[in-house]
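Chain and residue survey
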Amino acid sequence: MSFLEYAPAPESTAILDLKPEYGLFIDGEFTPAAGESFLTISPATEKPIARIANGTEADVDRAVAAARKAYEKTWSRMSGRDRGKYLFRIARLVQERARELAVAESLDNGKPIKESRDVDVPLVAAWFFYYAGWADKLEYAGVGANPRSLGVAAQVIPWNFPLLMLAWKIAPALAAGNTVVLKPAETTPLTALLFAEILQQADLPAGVVNIVTGAGETGRALVNHPDVNKVAFTGSTAVGREIARSTAGTGKKLTLELGGKAANIVFDDAPIDQAIEGIVNGIFFNQGHVCCAGSRLLVQESIHDEVVERLKSRLETLRVGDPLDKNTDVGAINSAEQLARIRELSEIGEAEGAERWSPACELPENGFWFAPTIFTNVSTSHRIAREEIFGPVLSVLSFRTPAEAIAKANNTPYGLSAGIWSEKGSRILAVADKLRAGVIWANTFNRFDPASPFGGYKESGYGREGGRHGLAAYLKEGAGAMSESAVRSRRDASPERAVLSQSTTKEEQ
Amino acid sequence: MTIERAVSPAQRAVEVLGGDLTEATLKRYLDGLPGVDTVGLEQRAASLGTRSIKTTSKAWALDRIIELIDLTTLEGADTPGKVRSLVAKALVPDAGDPSTPRVAAVCVYGDMVPYAVEALGDAHAAGRVTEPGDGLINVAAVATAFPSGRASLPVKLADTADAVAAGADEIDMVIDRGAFLSGRYGLVFDEIVAVKEACRRADGSFAHLKVILETGELNTYDNVRRASWLAILAGGDFIKTSTGKVAPAATLPVTLLMLEAVRDWHRLTGEKIGVKPAGGIRSSKDAIKYLVTVAETVGEEWLQPHLFRFGASSLLNDVLLQRQKLSSGHYSGADYVTID
């Protein structure tokens, strides 16, 4: 027998206690929706998981009204310390139910259980713990001596990290004293609904968090509702643009976290084995459904062939398959629609003359699958080097000098993240300084920490999530705050972004 | 200038570095190896450690671990009786289950080699290449003033030659860590070449040479990578992590790094070098992580006694307990396996 064909090690779904049908979570209760319900399916098998309510405009209205009432009557009057207690309680409950949440996430989203178990859910707990600590310290958040909450926050999140994006949105909003109406993505509502049960368990006052499931129409009704004070959106640039347009002039505070086409830059003095791991993690983590994915690999010409060869042999060891198998590295594509888009762009890549390569791997018959793919001989003008594919597809480009690497990395309408691989510290700092991206990873990739701000430049959106900066998105400046222009001039002097090096993140593990 | 001093023209080094082998060319080559990022390496090792090896895979892994063990006793208090007892355990690891495979080798001090050879009798590999399941067992001897390596070269060579003459199939030598850390790579290199020569038997064949890097004393991963290449270039058949006398002994990241060196050497020359993590691997669970790391780094074909070994003593009994659990469905206890 072959040892490498590890025997199946499936995580049991017995831990889940799912209802056949879920309503909307409004004012602390699950309530039926006015609209026709829809099925959420497992992308790995296409089997239905549960029936989900489709929130209409009237439902959104109810949810916003509940949030408004909770804001006026309870949450905005509660002390920061007490708000913090609720957040700590939520964080602990997430930890207690971690396995259940991980299984549900993998089932509904298609991501490998090892990622939902080791990355998503622990980060969710970390986010709530982190912002729980901020709740009674808002005057030190850097937005003035007496910062005030905004009111009702409308939050719309994507399907790639369903529960984690929920945590990124809800934790800072609640810590800052706002109430929330959140719409999870149409294809991945399950963990948000389990999270609603956690809120009930935590005895969070009714209406502080409301969860309205549905599709694009529901989201549109939510962000355009006249009684919301804040809109936070993570998703595609096209939808982000539409939201920016519709909220313009309404006085709603807006943060957008949109697409990306990150450059992962590998210099010839990189720690090569770790760089290969970083490239793999950069683009194949979560099937490449990551807005900050390192989808453009920029390799110094002198080591290009060696890197590609090593990368290919590393990809041979990736295990694609059942998301619930503990040994799976790459799971299912989230939806048929997304799979079609990945296929289309890959075919365009081939047609434009790039060389396509995938390791030999057997894909399951049912469900939505796409083998990890590398394109070499990619030019900067190819569509696969310009457009966000949002799938396990890597475009490899080369460069000769640091200046060329910087120019190519910045030559994109996006600016969310970038990676630099080099053993030379001074080079990392010099290059990072010139990259127009919100997050820059040095000798690592796709590392997240609640204390670090995350967000984009240019078409990748605006506003920051995480850290002290993430709070500012949910607060009104209090007395003694710097004027907007003073903040901006200071920001320009030292770009508001994170250079995460491993030595700094390591201590936080 | 000592640095321009010529070093022994070991065949591998000449092929890779060219004819004019000096301490300077050797140093330039080793210092030019790509760096190792500590956090990234440890992360990769940790992620390999999360593989879930169950049912049939676990059964295969447990048997293979036994077949890869160098069952070891390296104590000042060792006696011929203790060595005979160790050999008996190597031959019949589990008295209650004759289907249990035999270990790859017994590893003893040089003066104990004759007793080990005698006790093994027909089961002694005696220079033959062993395969899993053939029932043959090698005798490995530690040499070169193990574990510190602090003796003059003639003493180290005599120590080696003596063990080979007594019938040792494998020699586990230690490198001069003092010289390595002070940058005298040529000295370390020459010593390995000389010890390799001392492994030559009367008939011209060689005892297998395992080079112990003592990674716990080398301290940085960059040093471990350089020492791995140095040992391979000088002619080592195996690179081994530790003596077991220094903490930390074998760790998964260090072993992964050494496997990467072996993989890169194979990519470069087509030649296969063995790896032996030793010391500190006590549980089946840990040992399985090493098997996974080997298979996913250099490939499954390395899971053979001539390319991978565990230097361990207490590991065997834990594997036997796990094996019993797999066949009987319940855990027994320490009294259901024999002490050696």
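In this text, all values refer to a predicted model and were calculated from it rather than measured experimentally.

Attention now goes to the overall build of chain B. Looking only at helices and strands, chain B has 14 helices and eight strands in total. Look at the contacts in chain B between residues 6 or more apart in sequence, and 74% of them connect residues 24 or more apart.

Each helix and strand counted, chain A has 17 helices and 21 strands in total. On C-alpha atoms alone, chain A measures out to a radius of gyration of 22 Å, which is about the 23 Å that the 2.2 N^0.38 rule sets for 509 residues. Of all 509 residues assigned to chain A, the portion counted as buried reaches 56%. Contacts in chain A between residues far apart in sequence, at least 24 positions, make up 73% of those at least 6 positions apart.

Attention shifts here to the interface of chain B and chain A. Across the boundary between the two partners, chain B contributes 24 residues, which contact 22 residues of chain A. Elements represented by at least two residues in the side of chain B that touches chain A include exactly α3 (38-48), α4 (55-67) and α13 (284-297) of chain B. In terms of residues, the side of chain B that touches chain A owes the most to one element, α4 of chain B, which gives five residues. Residue classes in the side of chain B that touches chain A are distributed as ten nonpolar, seven polar and seven charged.

All names here are of chain A. Here three strands make up an open sheet; going across it, the order is β1-β5-β4 and the pairing mixed. Of all the strands in the sheet, just β1 (21-22) and β4 (38-41) have a single pairing partner and so form its edges. Where β1 and strand β5 (residues 48-52) come together, two bridges link them in parallel fashion. Bridging across to β5, Glu 21 finds its partner in Arg 51.

This next bit is on the pairing of strand β4 (residues 170-174) of chain B. All names here are of chain B. In terms of burial, β4 is largely enclosed, as five of its five residues are buried. Neither face of β4 is open: one carries Glu 170, Asp 172 and Val 174, the other Ile 171 and Met 173, and all of them are buried. Across three bridges, the pairing between strand β3 (residues 138-142) and β4 is parallel. When the bridges of β4 are listed, Ala 140 appears paired with Glu 170. One crossover worth recording links β3 to the parallel β4 by way of helix α7 (residues 153-165), and it is right-handed. Summarising the sheet, β4 and strand β5 (residues 208-212) pair through five bridges and their orientation is parallel. Residue pairing across strands places Ile 171 opposite Leu 209, the latter belonging to β5.

Residues and elements named next belong to chain A. Packing of helix α2 (residues 80-96) against helix α6 (residues 190-201) leaves a shortest axis separation of 10 Å and a crossing angle of 125 degrees. With respect to α6, the element α2 is oriented oblique. As α2 runs across α6, the sense of the crossing is right-handed. Of the residues in α6, those touching α2 at Ile 90, Leu 93 and Val 94 are Ile 198, Leu 199 and Gln 201. A breakdown of the residues in the contact of α2 with α6 according to their chemical character gives five nonpolar, one polar and no charged.

This paragraph deals with the nonpolar core. The biggest cluster of nonpolar side chains holds 112 residues, and the ones touching the most others in it are Ile 69, Val 106 and Ala 116 of chain B. Among residues more than four places away in sequence, those in contact with Ile 69 of chain B are Val 103, Ala 104, Phe 310, Ala 312, Leu 315 and Leu 316 of chain B. Formed by 94 residues, the second largest nonpolar core is a distinct cluster that contains Ile 26, Ala 125, Met 165 and Leu 166 of chain A.

For the rest of this paragraph, the subject is the environment of Val 292 of chain B. Residues and elements named next belong to chain B. Among the structural elements, Val 292 can be located in helix α13. Residue class for Val 292 comes out buried when judged on the 23 C-beta atoms lying within 10 Å of it. Each C-alpha atom of the pair Val 292 and Arg 51 lies 7.4 Å from the other, and the pair is 241 residues apart in sequence. Among residues more than four places away in sequence, those in contact with Val 292 are Leu 48, Arg 51 and Ile 53.

Attention now moves to unusual backbone geometry. Across residues other than glycine, the phi torsion is negative in most instances, and most of the peptide bonds are trans. With omega at -5 degrees, the peptide bond leading from Phe 146 of chain B into Pro 147 of chain B counts as cis. By secondary structure assignment, the location of Pro 147 of chain B is in the loop between β3 and α7. In this model, Ala 247 of chain B is joined to Pro 248 of chain B through a cis peptide bond whose omega is -5 degrees. Inspection of the secondary structure puts Pro 248 of chain B in the loop between β6 (238-240) and α12 (252-269). One non-glycine residue with positive phi stands out, namely Asn 377 of chain A, at about 55 degrees. Mapped onto the elements, Asn 377 of chain A comes out in the loop between β15 (373-376) and α12 (383-386). Of note in the backbone geometry, Asn 446 of chain A takes a positive phi value of approximately 55 degrees without being a glycine. Topologically, Asn 446 of chain A is positioned in the loop between β18 (439-442) and β19 (461-462).

Bringing the sheet that holds β6 of chain B into the picture now. Residues and elements named next belong to chain B. In space, the eight strands of this open sheet follow the order β7-β6-β5-β4-β3-β2-β1-β8, with parallel pairing throughout. Both edges of this open sheet fall to β7 (274-276) and β8 (310-312), since each of them pairs with a single strand only. Within this sheet the neighbouring strands show an average axis-to-axis angle of 25 degrees, counted without direction. Summarising the sheet, strand β1 (residues 69-72) and β8 pair through three bridges and their orientation is parallel. Each residue of the ladder has a partner; that of Ile 69, found in β8, is Phe 310.

How each quantity is defined
- Residues numbered from 1 in each chain as written.
- Chains lettered and ligands numbered in written order.
- Predicted model: local features only at pLDDT ≥ 70, side-chain atom pairs only at ≥ 80, totals over all residues.
- Helix = DSSP H or I, 4+ residues; strand = E, 2+ residues; numbered from the N terminus.
- Contact = placed C-beta atoms within 7 Å.
- Rg over C-alpha atoms; globule rule 2.2 N^0.38 Å.
- Buried ≥ 20, exposed ≤ 12 C-beta atoms within 10 Å, placed from the backbone.
- Nonpolar A, V, L, I, M, F, W, Y, C, P; charged D, E, K, R; others polar.
- Pairing = 2+ DSSP bridges.
- Right-handed = clockwise from strand over helix to strand, strands pointing away.
- Axes fitted to C-alpha atoms, helices over the stretch in contact; angles between N-to-C directions.
- Parallel < 35°, antiparallel > 145°, perpendicular 65-115°, else oblique.
- Left-handed = near helix turned anticlockwise from the far one by under 90°.
- Core = buried A, V, L, I, M, F, W, Y, C linked by C-beta atoms within 7 Å.

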